[in-house]
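Okay, here's what each chain looks like letter by letter:
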Amino acid sequence: MARFNRKDSLNLLSKVTPRRAWNGIKVLSSYYVSKWTKKPVQWGYPVSISFEPTTSCNLRCPECPSGLRAFTRPIGMLNKDFFTETIDQLSKDLLYLVFYFQGEPYLNPSFLDMVHYASKKRIYTATSTNAHYLNDENAKRTIESGLDRLIISIDGTTQEVYQQYRVGGTLLKVIEGAKNIVKWKKELNSKKPFIVFQFLVVKPNEHQIEEVKKLAKEVGVDDVWFKTAQIYDYENDPNQLIPTIDKYSRYKKTEKGYSFKGKLQNHCWRLWHDPVITWDGLVAPCCFDKDAQHQLGDLKKRPFKEIWKSGEYRTFRNKITEGRKNIDICANCSEGTKVWSND
C-alpha cells in the first residue's frame, strides 16, 4: 500500500483550485456511475496526464520497448509549441502532469522549458529518469524549472548488478546525478523536487533491497520506492528477471511456468482520469499501451477535449466495462500490484 510523504502531499494539495476540485469530483463520480451501471459515462476532463518528451533512450533495458528499439510507431521528440498549445487547453482542470511515457526525458532539449511552463500554471509536475544526464548544469536547471517530483531509476547498488537490467548504464553517473540534484536543492533553498530512488525489483538485484535504502540515506534523497517488474513473456521469463521474493513479484510460479497474480475486474480508474499523449500527439488510453496501438485520437487533427468525449473513447471505455480480459494491454496490468516503502 502506498504511503505518501507529508510535504509532497501538501505540495500537491496546494495546486488544487476550486475548478480543479470540482473537475475531480465530476470525473470520480462518472467513473463510479460507469462502474455500477456498466455503461460508459464521462464527466469532466483529465485530472492527470502523461506526456511523452521523447521515445529515445540511451539504455537498452531488456523489458522496455525504448531499450529494445521495438516500437512500430515513429521515434522523435515532443515539440515545445505543440506541448504548450495542448496544456493551454487543459491547464484550468488539470492537476497532475507526468513528463514520462517511454524514453529518457532529459534527451529532449526543451524538456525543462516545458516543465517550467507547466509549473507556472501551478500544475504538479513529475518525471522519471535514468539520471545519466543530471550533470551540474541540468541539476540546477531542474530545480529552477519548478519540477515537483523527480523519480530516479536505480536498480542496483553495484555496477555489476545495476547493469544486468540497466544495460549500457553506469551506476556512478546515477549516483553523481542524484547528488547534484540534492546539492542544488539545498543551495537554491528549494523544497522541490521530492526526490525518489525507484528500485525495480528483479531477480538479479533482490538481494540489494536493504543496501539501496542505505544508499538513499547517504545520498540524501527523500524516499525509496520499490516497484514490481512487468515481464512481457512472463510465462517463460526468458531473461530470468522474476524475483523469488513473492512480495515484489506480479507473478506466481505454477507447474507450467508463471501466471499473473492480478485479477482483472471490469473497470479501470486510469481510463477515466489519466490518458497518455505521445510525443507526436496520439492519445492512448494508458501507460500500458506502449506502442499506442489503441489510438483514441490524434491531437494534430482534433483538440483534446473533443477526443476525450469522442465515440472512440466511449467505445473503449465500454469494452472495459464489458470484459477487460479481452483487451491485450490489460492482460499484464500492474494496477494494485506496486509495492512502496518509506523505510
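Quick caveat: nothing in here was measured; it's all calculated off a predicted structure. (Residues numbered from 1 in each chain as written. Predicted model: local features only at pLDDT ≥ 70, side-chain atom pairs only at ≥ 80, totals over all residues. Heavy atoms only, no water.)

**So, unusual backbone geometry**
Now for step 1: In this model, Lys 192 is joined to Pro 193 through a cis peptide bond whose omega is 0 degrees.
Now for step 2: Looking at the secondary structure, you find Pro 193 in the loop between α8 (171-187) and β5 (194-201).
Now for step 3: Positive phi is not limited to glycine here, since Lys 38 has a value of about 65 degrees.
Now for step 4: One can find Lys 38 in the loop between α2 (18-37) and β1 (48-51).
Now for step 5: Judged by its relative accessible area of 45%, Lys 38 is partly exposed.
Now for step 6: At Ala 131, a residue that is not glycine, the phi angle is positive and equals roughly 70 degrees. (Helix = DSSP H or I, 4+ residues; strand = E, 2+ residues; numbered from the N terminus. Buried < 20%, exposed > 50% of the residue type's maximum accessible area, 1.4 Å probe, protein only.)

**Looking at the sheet that holds β1**
Now for step 1: Taking strand neighbours across the sheet as the criterion, the 9 strands line up as β6-β5-β4-β3-β2-β1-β9-β10-β11 in an open arrangement whose pairing is mixed. Strands with a single pairing partner mark the edges of an open sheet, and in this sheet they are β6 (223-228) and β11 (297-298).
Now for step 2: Strands in contact with helix α4 (residues 80-90) are β1, β2 (96-99) and β9 (276-277); relative to β1, the strand with the most contacts, it is inclined by about 175 degrees. (Pairing = 2+ DSSP bridges. Contact = heavy atoms within 4.5 Å. Axes fitted to C-alpha atoms, helices over the stretch in contact; angles between N-to-C directions.)

**Observations concerning the pairing of β6**
Now for step 1: Burial within β6 is extensive, with 5 of its 6 residues counted as buried.
Now for step 2: Relative to β6, β5 is paired through 6 bridges, and the arrangement is parallel. Within β6, the position partnered with Leu 200 by the bridge is Lys 227.
Now for step 3: In the classification by handedness, the crossover that spans β5, the intervening helix α9 (residues 209-219) and the parallel β6 is right-handed. (Right-handed = clockwise from strand over helix to strand, strands pointing away.)

**Details of α8**
Now for step 1: Helix length check: α8 (17 residues) gives 24 Å between terminal C-alpha atoms against 24 Å at 1.5 Å per residue, within 8%.
Now for step 2: Inspection of α8 places Leu 171, Val 174, Ile 175, Gly 177, Ala 178, Asn 180, Ile 181, Val 182, Trp 184 and Lys 185 among the buried residues, and these make up the whole buried set.
Now for step 3: Against the buried residues of α8 lie α6 (136-145), β4 (149-153), α7 (159-165), β5 and α9. (Expected span 1.5 Å × (residues − 1).)

**Brief notes about the environment of Phe 194**
Now for step 1: Among the secondary structure elements, Phe 194 is positioned in strand β5.
Now for step 2: Along the sequence, Phe 194 and Asn 5 sit 189 residues apart, while their C-alpha atoms lie 8.9 Å from each other.

**A word on the packing of aromatic side chains**
Now for step 1: Tallying each qualifying case throughout the model produces 14 aromatic pairs.
Now for step 2: Here Phe 51 and Phe 82 contribute two aromatic rings whose centre-to-centre distance is 6.2 Å and whose plane-to-plane angle is 80 degrees, an arrangement assigned as edge-to-face. Here Phe 51 is found in strand β1, whereas its partner Phe 82 is found in helix α4, with 31 residues between them in sequence. Considered together, Phe 51 and Phe 82 belong to a single accessibility category, that of buried residues.
Now for step 3: The rings of Phe 51, Phe 82, Phe 83, Phe 99, Tyr 106 and Phe 111 are connected pair by pair, giving a single aromatic cluster.
Now for step 4: One residue, Lys 305, lies across the ring of Tyr 45, its end atom 4.7 Å from the ring centre.
Now for step 5: Directly above the ring of Tyr 45 sits Lys 309, whose terminal nitrogen or CZ lies 5.1 Å from the centroid. (Phe/Tyr/Trp six-rings, centres within 6.5 Å; stacked < 30°, edge-to-face > 60°. Lys NZ or Arg CZ within 6 Å of the ring centre and 35° of its normal.)

**Structural notes on the packing of α6 against α8**
Now for step 1: One can describe the packing of α6 onto α8 by two numbers: an axis separation of 8 Å at closest approach and a directional angle of 50 degrees. Relative to α8, α6 is oriented oblique. In this structure, the crossing between α6 and α8 has a hand that is right-handed. When α6 is examined against α8, the residues Asp 136, Ala 139, Lys 140, Thr 142 and Ile 143 are found in contact with a partner set consisting of Asn 180, Ile 181, Lys 183, Trp 184 and Lys 185.
Now for step 2: Of the residues belonging to the contact of α6 with α8, the class tally is 4 nonpolar, 2 polar and 4 charged. (Parallel < 35°, antiparallel > 145°, perpendicular 65-115°, else oblique. Left-handed = near helix turned anticlockwise from the far one by under 90°. Nonpolar A, V, L, I, M, F, W, Y, C, P; charged D, E, K, R; others polar.)

Functional significance is not addressed by these values, which are geometric in nature.
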